[in-house]
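Here's the letter readout for the chains.
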Amino acid sequence: ASFEVTVPTVKHDFYAGNSVACSFNLSVPGIWREKNFDVILRDINGSTVPTKNTSGTYSFSVKPSVSGQLEYSVVVIGEGIRLYEGKIGYSFNKREHCTTCGKDKSQCEYHGNHLVHIKKETKETLCPTCGKKVSECKYQGVH
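**As for the overall build of the chain**
- The secondary structure content of the chain amounts to one helix and nine strands.
- N-terminal to C-terminal, the α/β element order of the chain is β-β-β-β-β-β-β-β-β-α.
- The C-alpha extent of the chain, read off along each of the three principal axes, is 90 × 25 × 20 Å.
- The burial tally for the chain puts 29% of its 143 residues in the buried class.
- Of the contacts formed within the chain by residues at least 6 apart in sequence, a portion of 51% connects residues at least 24 apart.
- Counting only carbon and sulfur atoms, one obtains 48% of the accessible surface of the chain, whose full area is about 9800 Å².
- Computed over 18 positive and 14 negative side-chain charges, the separation of the two mean positions in the chain equals 9 Å.

**Observations concerning the side chain of Ser-73**
- Among the structural elements, Ser-73 can be located in strand β8 (residues 68-78).
- Using a relative accessible area of 11% as the deciding quantity, one classes Ser-73 as buried.
- If sequence neighbours within four positions are ignored, Ser-73 has contacts with Ile-40, Leu-41, Arg-42, Gly-86 and Lys-87.

**Side note on the nonpolar core**
- Grouped together as the largest cluster of nonpolar side chains are 22 residues, with contacts concentrated most on Phe-24 and Phe-60.
- Excluding anything up to four places from it in sequence, Phe-60 contacts Val-20, Ala-21, Cys-22, Ser-23, Phe-24, Leu-41, Val-49, Pro-50, Thr-51, Tyr-72 and Tyr-90.

**Here we look at the sheet that holds strand β1 (residues 4-6)**
- Strand order across the open sheet formed by four strands is β1-β3-β7-β6, with antiparallel pairing between neighbours. Two strands bound the open sheet, and with one partner strand each, they are β1 and β6 (52-54). Mean inter-strand twist for the sheet, computed between neighbouring axes without regard to direction, equals 30 degrees.
- Pairing analysis gives three bridges linking β6 to strand β7 (residues 57-62), with the strands arranged antiparallel.

**Section: the pattern of salt bridges**
- Scanning all chains against the criterion turns up four salt bridges.
- The shortest N-O distance in the salt bridge between Glu-85 and Arg-82 comes to 2.7 Å.
- Residue classification places Glu-85 among the partly exposed residues on the basis of a relative accessible area of 48%.
- Between Arg-95 and Asp-104 there is a salt bridge, with its nearest N and O atoms 2.9 Å apart.

Basis of the calculations
- Here, residues in each chain are numbered from 1, in the same order as that chain's written sequence.
- The predicted origin of the model limits local features to residues at a pLDDT of at least 70 and limits the giving and counting of side-chain atom pairs to 80 or more, whereas totals for whole chains, interfaces and linings rest on all residues.
- Side-chain figures throughout are based on the complete set of non-hydrogen atoms in the structure, without hydrogens or water.
- Working definition: helices are DSSP H or I runs of at least four residues, strands are E runs of at least two. Numbering for both runs from the N terminus.
- Under the scheme applied here, a residue whose accessible area is under 20% of the maximum for its type counts as buried, over 50% as exposed, and between as partly exposed, the area being computed with a 1.4 Å probe on protein chains only.
- Residue contacts are counted whenever heavy atoms from the two residues lie within 4.5 Å of one another.
- Using the Shrake-Rupley algorithm and a 1.4 Å probe, accessible areas are obtained, with residue cover drawn only from the displayed protein chains.
- Charged residues are defined here as Lys and Arg on the positive side and Asp and Glu on the negative side; His and the ends of the chain fall outside this count.
- Taken as the charge location is NZ of Lys, CZ of Arg, CG of Asp or CD of Glu.
- The set of buried Ala, Val, Leu, Ile, Met, Phe, Trp, Tyr and Cys residues whose side-chain atoms join them within 4.5 Å is what this entry labels a nonpolar core.
- When DSSP finds at least two bridges between two strands, those strands are taken to pair.
- Whenever a helix is involved, its axis is fitted only over the stretch in contact; in every case the axis is a line through C-alpha atoms, and angles between N-to-C directions fall within 0 to 180 degrees.
- One speaks of a salt bridge when a side-chain nitrogen belonging to Lys or Arg is within 4 Å of a carboxyl oxygen belonging to Asp or Glu.

Right under this line is the structure:
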């Protein structure tokens, strides 16, 4: 048996400026379960990414700025020996909040364009001659 790394959730949605919680699972062969070893996660630039281990699930935070893929390498070292090295990847999809209603733009009935719709609705409901609402214009918008 050997070390094995799996990623429970590959695809993540995020909003600009927010961190995304990512994780991977490490299966440890029986011979190493009672021994000390280090798990090192590195980003694409080779920088070490801090992780928190909870019963074999390693979690870390990422603050992506754009949609796309990020790849990491996982290295397991024990007793001065490199026991495992592998790549893991995550996919990030940037989402946007509607600035008017605060909902995700895909959930907003105006897809984040309230003002355009309000202007369109207002223009359609005002009498072009007197400027009153058509329902309040005594000529119903036709002078």
